[in-house]
Amino acid sequence: MIIAVSGTPGVGKTTVSKILSERLGYEYVSIKDFALAKGIGEKVGDEIEIDVDELSRAVGDEFSGRDVVIDGHLSHLVPADVVVVLRLHPKMVAERLESRGYPRKKLAENVEAELVDVILVEAIEENENVIEVDTTGKTPDEVVDEILSLLNEGVKRRVGIVDWSWAYDDVVQYLMLGGD
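Just so you know, these numbers come straight off a predicted model, no measurement behind them. Residue positions are given per chain, counting from 1 as you read along its sequence in written order. Local features in this predicted model are restricted to residues whose pLDDT is 70 or higher, and side-chain atom pairs enter the listing and the counts only when it is 80 or higher, whereas totals over whole chains, interfaces and linings include all residues. With hydrogens and water excluded, all non-hydrogen atoms of the structure serve as input to the side-chain values.

### Some remarks on the side chain of Ser 75
- Looking at the secondary structure, you find Ser 75 in the loop between β5 (68-71) and β6 (82-87).
- Burial classes: relative accessible area under 20% of the type maximum marks a residue as buried, over 50% as exposed, and values in between as partly exposed (1.4 Å probe, protein chains only). Take Ser 75: its relative accessible area is 0%, and that puts it in the buried class.
- For Ser 75, the residues in contact, after removing those within four places along its chain, are Ala 4, Val 5, Ser 6 and Ile 70. Helix numbering and strand numbering both begin at the N terminus, where a helix is a DSSP run of H or I of at least 4 residues and a strand a DSSP run of E of at least 2. Throughout, a residue-residue contact means that at least one pair of heavy atoms, one from each residue, lies within 4.5 Å.

### Thoughts on the environment of Leu 88
- Locating Leu 88 in the fold gives a position in the loop between β6 and α4 (90-99).
- Spatially, the C-alpha atoms of Leu 88 and Lys 38 are 31 Å apart, while their sequence positions differ by 50 residues.
- Other than its neighbours up to four places away in sequence, Leu 88 contacts Gly 10, Val 11, Val 93, Arg 96, Glu 114, Asp 134, Thr 135, Thr 136 and Trp 164.

### Quick notes on the nonpolar core
- Throughout this description, the term nonpolar core refers to a set of buried Ala, Val, Leu, Ile, Met, Phe, Trp, Tyr and Cys residues connected via side-chain atoms within 4.5 Å. Counting 31 residues, the largest nonpolar core has Ile 3, Leu 20, Leu 86, Val 111, Val 133 and Ile 147 as the members making the most contacts within it.
- Counting residues per element, the ones that place at least two in this core are β1 (2-6), α1 (13-24), β6, α4, α5 (104-115), β7 (130-134) and α7 (140-152).
- At six residues, α7 tops the list of elements feeding residues into this core.
- When residues no more than four places from it in sequence are discounted, the contact partners of Val 133 are Val 84, Val 85, Leu 86, Arg 87, Val 143, Glu 146, Ile 147, Leu 150, Arg 158 and Ile 161.
- Residues Val 29, Ala 58, Val 59 and Leu 77 belong to the second largest nonpolar core, which totals 16 residues.

### Re the packing of aromatic side chains
- Only Phe, Tyr and Trp rings are paired, with Trp represented by its six-membered ring, and only when their centres lie within 6.5 Å; those with planes under 30 degrees apart are stacked, over 60 edge-to-face, the remainder tilted. Scanning the model with the defined rule gives two aromatic pairs in all.
- Ring geometry for Phe 34 and Phe 63: centres 5.2 Å apart, planes at 50 degrees, overall tilted. Taken as a pair, Phe 34 in helix α2 (residues 31-37) and Phe 63 in helix α3 (residues 52-63) lie far apart in primary sequence, 29 residues in all.
- Judged by relative accessible area, which is 8%, Phe 34 ranks as buried.
- Its relative accessible area of 3% is what places Phe 63 among the buried residues.

### Observations concerning helix α6 (residues 118-126)
- For α6, the full list of buried residues reads Ile 119, Leu 120 and Ala 123. Down the axis of α6, the sector holding all buried residues measures 100 degrees, keeping them to one side.
- Contacts made by the buried residues of α6 are with β1, β6 and β7. The arc in question is formed by the directions pointing from the helix axis toward the C-beta atoms.

### Observations concerning α1
- Between its first and last C-alpha atoms α1 spans 16 Å; for twelve residues at 1.5 Å apiece the expected length is 16 Å, and the two agree.
- Turning to α1, its buried residues are Lys 13, Val 16, Ser 17, Leu 20 and Ser 21. All buried residues of α1 fall inside an arc of 125 degrees around its axis, so they share one side.
- Buried residues along α1 sit against β1, β2 (27-30), β5, β6 and α7.
- Taken from the residues just after α1, Gly 25 is the one with a positive phi, measuring 75 degrees. Expected span of a helix, by definition, is 1.5 Å for each gap between consecutive residues, and there is one gap fewer than residues.

Below is the structure:
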């Protein structure tokens with residue numbers, strides 16, 4: 001089974017993916033490391049540009065029939081049996097990315113992406129089986145417990161459980177308004 005764990009940067013994908021893979025006995029795969037190793041991604045400044053179509057083909061070829069947890073904010077765009085989209089209050093996303101030294105523009109883009117469900121919408125467009133999980137106020141182990149519980153119950157689709165529209169005032173200072 002291929003489980004893709006996706007979400008906006010800062011929501012806890014890597015931590016949750018590593019715990020989930022360990023608890024399931026699945027192989028852990030960083031989509032970024034995989035893309036770089038396969039020559040699909042190239043460093044451009046501080047970022048890695050990845051050909052998503054090529055990445056999707058390579059993941060399908062490499063991991064079909066294997067038990068893996070694929071971690072990365074592009075993992076919802078590769079072939080997977082289930083996509084888990086992690087969500088986190090946008091203000092917490094901003095605080096985490098700020099502490100990581102993200103440039104203001106990148107921080108604003110990611111806060112906005114979380115605020116308006118960008119990853120979730122893309123995941124739903126690309127995949128039948130999407131499970132949305134709110135990580136706000138939960139430990140990584142609690143998040144993994146929730147994911148495993150949903151998978152064990154046979155849940156294949158759970159979306160629309162998070163709505164950050166009310167949180168705009170909490171994050172407006174992180175957004176780039178007026179063409180900044």
